[in-house]
Amino acid sequence: MLTKRSFAALAGAAFIAAATTSAQAQNVTLRSTDIHPDGYPTIEAVKYMGQQLEKSTNGRIKINVFHSGQLGQEKDTIDQTRFGVIDLNRINMAPFNNLIPATNVPSLPFIFRSVDHMRKVMDGPIGDNLLGEFDKHDLIGLAFYDSGSRSFYNSKKAINSPADMKGMKIRVQQSDMFVALVSALGANATPMPFGEVYSALQTGVIDGAENNWPSYESTRHFEVSKFYSVTEHSLSPEVLVMSKRSFAKFSPEDQKLIRTAAKESVAKMRELWDAREKESEAKVKAGGAQINAVQKQPFIDAMKPVYDKFVTDAKLKDMVASIQAVK
Ligand code: GTR
């Protein structure tokens, strides 16, 4: 959480940046936020974007990545980005679900058949349209990043079927869709910021959570929640957005360079991500996590009501059908 004082300091910094940008973008450093620790693929991808941008602008535009939630937890940073206090935000799609209905679609359970399917959709016209959705909310959608697949983990027992989750307290991201996804399995969903999950697991406030291999590992949740059941129920991607206010301060030429550098960071992110997934899986296994495979069909069937609840209008139905039609 930002204190009042750090918020004021940031606002002051934003003002200085504004003053220099209007004088034709001389040496602007954009502030980017991320909740992950330094070295995590999302952090390194945005740093890479910064290096590309520095090159293409002869050092005029740089990016400073604030990692480990220094600028706040994900949900809190959305408004700050909309107001231009934060310039860039690498964030998961889920915290946007309540604000922008279309962002629910790529977070839906089992919407993608594979990582390749997800990449093809997000790289194509469906992804481009979705990036455009941020525009109405004072944001510029720049790029999507991979986030692997999310699976359930808990401190009690291996999950083999939806029935095993009945009554368990499971932390979810701050998204009504994720609440519904977990509730559909008969578990009790507890929405909570990412940074609070470790101690909630440790003290037994919650029994488990759900995430991909790298987050399960980097947070050390595997130490206090050792049963990881490979449900792979959501591939909810990451998104990189920019404050429309910050973006508007740049010339059309610089705006193009920002967009290009963001797109260039996607391939870098995927390379880093693929390697990190394997490393993290090996680390949690070595650290004592108990991994079990599950039969997915009962989970797919149990989560079907989530579609009925969230895919309600023609636009979202069309989006789901278009995603399913991508070969
Ligand atoms: C991670 C994601 C984060 C955050 C986190 C969470 O996989 O990269 O942006 O959304 O999950 O569960 O809160």
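This structure is a prediction, so every number in the text was calculated from the model and none was measured.

Peer 1: Before we go on, may I ask you to explain the overall build of the chain in this structure?
Peer 2: A tally of helices and strands in the chain yields 15 helices and eleven strands. Taken along the three principal axes of its C-alpha coordinates, the chain extends 60 × 45 × 35 Å. Restricting the contact set of the chain to residue pairs at least 6 apart, pairs at least 24 apart contribute 75%. Counting only carbon and sulfur atoms, one obtains 54% of the accessible surface of the chain, whose full area is about 13,600 Å². When the 40 basic and 36 acidic side-chain charges of the chain are each reduced to a single mean position, those positions are 2 Å apart.

Peer 1: Would you take a moment to explain the packing of aromatic side chains for this structure?
Peer 2: Given two aromatic rings, their pairing is described by the distance between the two centres and the angle made by the two planes. Here the structure, examined in full by the defined rule, presents seven aromatic pairs. A ring pair is formed by F96 and F134, whose centres lie 5.0 Å apart and whose planes are at 80 degrees; its orientation type is edge-to-face. One end of the pair, F96, is in the loop between β3 (88-92) and α4 (104-107); the other, F134, is in the loop between α6 (125-133) and β4 (139-145), and 38 residues separate them in sequence. With respect to burial, F96 and F134 carry one shared label: buried. Ring centres of Y216 and F222 lie 6.1 Å apart, and the angle between their planes is 70 degrees; on these two criteria the pair is classed as edge-to-face. Comparing Y216 with F222, the two get one shared label, buried. An aromatic cluster is defined as three or more aromatic residues linked by ring pairs; in this entry it consists of Y153, W213, Y216, F222 and Y228.

Peer 1: What exactly am I supposed to notice about the domain arrangement of the chain here?
Peer 2: Interface size is commonly expressed as the accessible area that is lost once the parts come together. The domain boundaries assigned to the chain delineate domain 1 (26-146 + 237-279) and domain 2 (150-235 + 288-325). Summarising the inter-unit geometry, the C-alpha centres of domain 1 and domain 2 are found 24 Å apart. The interface of domain 1 with domain 2 comprises 36 residues on the first partner and 36 residues on the second. When the buried area of domain 1 at its contact with domain 2 is split by residue, L108, P109 and F110 rank highest and sum to 22% of it. Linking domain 1 with domain 2 are two salt bridges, by the criterion used here. Measuring nitrogen to oxygen at the nearest pair gives 2.6 Å for the salt bridge that ties K315 to E133. Between domain 1 and domain 2 we count 14 residue pairs in polar contact (both at pLDDT 80 or more) in total.

Conventions used here
Residues numbered from 1 in each chain as written. Predicted model: local features only at pLDDT ≥ 70, side-chain atom pairs only at ≥ 80, totals over all residues. Heavy atoms only, no water. Helix = DSSP H or I, 4+ residues; strand = E, 2+ residues; numbered from the N terminus. Contact = heavy atoms within 4.5 Å. Areas by Shrake-Rupley, 256 points an atom, 1.4 Å probe, with all protein chains shown as cover. Lys, Arg positive; Asp, Glu negative; His and termini not counted. Charge placed at Lys NZ, Arg CZ, Asp CG, Glu CD. Phe/Tyr/Trp six-rings, centres within 6.5 Å; stacked < 30°, edge-to-face > 60°. Buried < 20%, exposed > 50% of the residue type's maximum accessible area, 1.4 Å probe, protein only. Domains from an automatic or database assignment. Buried area = accessible area lost by both parts, 1.4 Å probe. Salt bridge = Lys/Arg side-chain N within 4 Å of Asp/Glu carboxyl O. Polar contact = N/O pair within 3.5 Å; in protein donor to acceptor, adjacent residues only side chain to side chain.

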